[in-house]
Amino acid sequence: EADIYQTPRYLVIGTGKKITLECSQTMGHDKMYWYQQDPGMELHLIHYSYGVNSTEKGDLSSESTVSRIRTEHFPLTLESARPSHTSQYLCASRRGFNNEQFFGPGTRLTVL
Amino acid sequence: GIQVEQSPPDLILQEGANSTLRCNFSDSVNNLQWFHQNPWGQLINLFYIPSGTKQNGRLSATTVATERYSLLYISSSQTTDSGVYFCAVFSNQAGTALIFGKGTTLSVSS
């Protein structure tokens, strides 16, 4: 059983608001990831981190930013939300590269 | 980068039927995982299987790394098996993170 948490699970906000999606894991995993997924579609990597103070952009361009100040915490921030940001955001983690990756329950974001 | 193709894209079954889902990948991989995404959007780990065969209850998986494919078998399907099944791979050469296929959507009716 993986211990990776995301809050909020659902969020409906208005255009222009600043939001932070929280992701925490208690497994001591060094690698953490954010994926974006539209309904019924594949997952796309938007951010990743190899450890504390390490952050990189993924394959899909995103207007969000991330930080990794502590091993267990990898929040994602949108400075000014727009309707095009409406999607599901999934956080994941794993230890090293050649090990099993685990996902949090996801945050469903709707921007009106 | 590495390409991941899943087939079929959609599958409709009657309860009790068996099925095979396929995942082809374009390069050698160090990690392959199968996930089930439930109706609430959560990704459930089914198998971590870079090579060989594993079984877990009614589900089993086989990866033939040298031929670059993996198969997920579902036997005696139940309505709770419905959802999207994703294959995802990682390659040390490609770096970064798991790369996902587009998924197979399974609908099991009673």
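Residues numbered from 1 in each chain as written. Chains lettered and ligands numbered in written order. Predicted model: local features only at pLDDT ≥ 70, side-chain atom pairs only at ≥ 80, totals over all residues. Heavy atoms only, no water.

Engineer: Account for the nonpolar core, naming residues and giving values.
Structural biologist: The nonpolar side chains of a soluble globular protein tend to be buried with one another. The biggest cluster of nonpolar side chains holds 22 residues, and the ones touching the most others in it are Trp34, Leu72 and Val89 of chain B. Of all hydrophobic cores here, the second largest spans 18 residues; its members include Met32, Trp34, Leu76 and Ala81 of chain A. (Core = buried A, V, L, I, M, F, W, Y, C linked by side-chain atoms within 4.5 Å. Buried < 20%, exposed > 50% of the residue type's maximum accessible area, 1.4 Å probe, protein only.)

Engineer: Break down the state of the cysteines for me, citing the residues and quoting the values.
Structural biologist: Tallied over the full model, the rule gives two disulfides over all chains. Between Cys23 of chain A and Cys91 of chain A runs a disulfide, and the two sulfur atoms are separated by 1.9 Å. Around the S-S axis, the bridge from Cys23 of chain A to Cys91 of chain A shows a dihedral of about -75° and counts as left-handed. One end of the pair, Cys23 of chain A, is in strand E3 (residues 19-25); the other, Cys91 of chain A, is in strand E9 (residues 87-94), and 68 residues separate them in sequence. Linked covalently through their sulfurs, Cys23 of chain B and Cys87 of chain B form a disulfide whose S-S length is 2.0 Å. Between Cys23 of chain B and Cys87 of chain B the disulfide shows an S-S torsion of about -60°. By sign, it is left-handed. (Disulfide = S-S within 2.5 Å. Helix = DSSP H or I, 4+ residues; strand = E, 2+ residues; numbered from the N terminus.)

Engineer: Could you give an account of the pairing of strand E4 (residues 31-37) of chain B, with specific residues and numbers?
Structural biologist: Strand residues, when the strand is regular, have side chains that alternate between the two faces of the sheet. All names here are of chain B. Counting buried positions along E4 gives seven out of seven residues, so the element sits mostly inside the fold. Side-chain alternation along E4 places Asn31, Gln33, Phe35 and Gln37 on one buried face and Leu32, Trp34 and His36 on a second face that is also buried. Where E4 meets strand E9 (residues 83-90), seven bridges bridge the pair, whose relative direction is antiparallel. Across the sheet, residue Gln37 finds its bridge partner in E9, namely Val84. (Pairing = 2+ DSSP bridges.)

Engineer: Tell me about the interface of chain B and chain A, and please be specific about residues and values.
Structural biologist: Each partner contributes to the interface: chain B provides 23 residues, whereas chain A provides 23 residues. When chain B packs against chain A, close to 1,900 Å² is buried across both sides, 48% of that on carbon and sulfur atoms. Joining chain B to chain A, the criterion identifies one salt bridge. For the pair chain B and chain A, the number of links is eight residue pairs in polar contact (both at pLDDT 80 or more). Elements with a minimum of two residues in the side of chain B that touches chain A: E4, strand E5 (43-48), E9 and strand E10 (99-100) of chain B. Of the residues forming the side of chain B that touches chain A, the biggest block, four residues, is contributed by E4 of chain B. (Contact = heavy atoms within 4.5 Å. Buried area = accessible area lost by both parts, 1.4 Å probe. Salt bridge = Lys/Arg side-chain N within 4 Å of Asp/Glu carboxyl O. Polar contact = N/O pair within 3.5 Å; in protein donor to acceptor, adjacent residues only side chain to side chain.)

What is shown is where atoms sit, not what they do.
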